[in-house]
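# Summary of structural features
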Amino acid sequence: MALRLLTSRVLARSYMPVARKSATFAVYRGYATKKFTSDHEWVVVENGVGTFGITDYAQKALGDVVFVETPAVGDVVASGDQVGAIESVKAASDIYSPVAGEVINVNEALSDDPSLLNNSPYDEGWFAKVKLSNPSEVDDLLDEAAYNELIASDE
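Below is a summary of the structure that appears in this document. Fair warning: this is a prediction, and the values are worked out from it, not measured in the lab.

Mapped onto the elements of the fold, Thr33 is located in helix α1 (residues 2-33). For Thr33, the residues in contact, after removing those within four places along its chain, are Val43, Val44 and Val45.

Okay, the sheet that holds strand β6 (residues 82-88) next. Pairing is antiparallel in the open sheet, where 3 strands are placed in the order β4-β6-β7. Since the sheet does not close on itself, it has two edges, and those belong to β4 (65-69) and β7 (92-96), each with one partner. With direction set aside, neighbouring strand axes in the sheet form an average angle of 20°. With 4 bridges joining them, β4 and β6 adopt antiparallel strand pairing. Each bridged residue has a counterpart across the sheet, and for Val65 the counterpart in β6 is Ser88.

Bringing the sheet that holds strand β5 (residues 76-77) into the picture now. Strand order in the open sheet formed by 6 strands is β1-β2-β3-β9-β8-β5, and the pairing between neighbours is antiparallel. Since the sheet does not close on itself, it has two edges, and those belong to β1 (34-36) and β5, each with one partner. Pairing of β1 with strand β2 (residues 41-46), which is carried by 3 bridges, proceeds in the antiparallel orientation. Counted as the bridge partner of Phe36 is Trp42 from β2.

Further remarks concern unusual backbone geometry. The phi torsion at His40 lies on the positive side, around 70°, for a residue other than glycine. One can find His40 in the loop between β1 and β2. Of note in the backbone geometry, Asn47 takes a positive phi value of approximately 55° without being a glycine. One can find Asn47 in the loop between β2 and β3 (49-54).

Bringing the nonpolar core into the picture now. Grouped together as the largest cluster of nonpolar side chains are 23 residues, with contacts concentrated most on Phe52, Ile54, Ile86, Ile95, Val99, Leu117 and Phe127. Mapped onto this core, the elements with two or more residues apiece are β3, α2 (56-62), β4, β6, β8 (101-106), α4 (116-119) and β9 (128-132). The biggest single contributor to this core is β9, with 3 residues. In contact with Leu117, other than residues within four places in its own chain, are Ile54, Gln59, Val65, Val68, Ile86, Leu110 and Gly125. Trp42, Val44, Trp126 and Ile151 belong to the second largest nonpolar core, which has 6 residues in total.

In this structure the tally under the stated criterion is 1 salt bridge. One salt bridge connects Asp56 with Lys60, and the closest N-O pair in it is separated by 3.1 Å. In this pair, Asp56 and Lys60 are both assigned in helix α2, 4 residues apart and thus about one turn of the helix distant.

Structurally, Gln59 is set in helix α2. The residues touching Gln59, leaving out its near neighbours within four places in the chain, are Ile54, Leu117, Asn118 and Pro121.

This next bit is on the pairing of β7. Within a regular strand, side chains alternate between the sheet's two faces. With 5 bridges connecting them, β6 and β7 associate as antiparallel partners. Opposite Gln82, over in β7, you have Tyr96 as the bridge partner.

Turning our attention to the layout of surface pockets. Estimates place the volume of the largest pocket at around 160 Å³. Around the largest pocket sit Lys34, Trp42, Val44, Glu46, Val49, Thr51, Tyr122, Asp123, Trp126 and Lys129, which together line it. Mapped by element, the contributors of at least two residues to the lining of the largest pocket are β2 and β3. When residues of the lining of the largest pocket are assigned to their parent elements, the largest contribution, 3 residues, is made by β2. The residue inventory of the lining of the largest pocket, partitioned by class, reads 5 nonpolar, 1 polar and 4 charged.

Here is what the cut-offs are and how they apply
- Residues numbered from 1 in each chain as written.
- Predicted model: local features only at pLDDT ≥ 70, side-chain atom pairs only at ≥ 80, totals over all residues.
- Heavy atoms only, no water.
- Helix = DSSP H or I, 4+ residues; strand = E, 2+ residues; numbered from the N terminus.
- Contact = heavy atoms within 4.5 Å.
- Pairing = 2+ DSSP bridges.
- Axes fitted to C-alpha atoms, helices over the stretch in contact; angles between N-to-C directions.
- Core = buried A, V, L, I, M, F, W, Y, C linked by side-chain atoms within 4.5 Å.
- Buried < 20%, exposed > 50% of the residue type's maximum accessible area, 1.4 Å probe, protein only.
- Salt bridge = Lys/Arg side-chain N within 4 Å of Asp/Glu carboxyl O.
- 1 Å grid on protein atoms, 1.4 Å probe; cavity = no way out; pocket = protein on both sides within 12 Å on 5 of 7 lines; lining within 4 Å.
- Points joined across faces, edges and corners; volume = space filled by probe spheres on them.
- Nonpolar A, V, L, I, M, F, W, Y, C, P; charged D, E, K, R; others polar.

Okay, here's the thing in structure tokens:
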């Protein structure tokens, strides 16, 4: 009986903290790097690549998205450049790059299923990935608290 208790304590201690620490770090890292623009785009930077899309607030304001125009891979964009467009049942809206750099990937799934922007704006509804030319410009964007203040003042 004592051996079984000792074994379970040793195994639990050597295994559990490793999984818990890595999971906590991954959640914190994703939260800490998400930034927003006043035009209602978000960007998450990881390893010098910014993945961006529209915010939940923006997709709600647009309504059901029916068409998405994405930039071309290889395009070089500046922060604030128009990189695409979204059409919904309510309106059409331009999409602006929150960061400068080269477009290295676009979400091809949006062409087939534009509703991904409505259903999952932060996960499956990402717009494009940009290799940053100036990583420090991300510091000028809004953090989550500042963005929440912005949208609260819009309502």
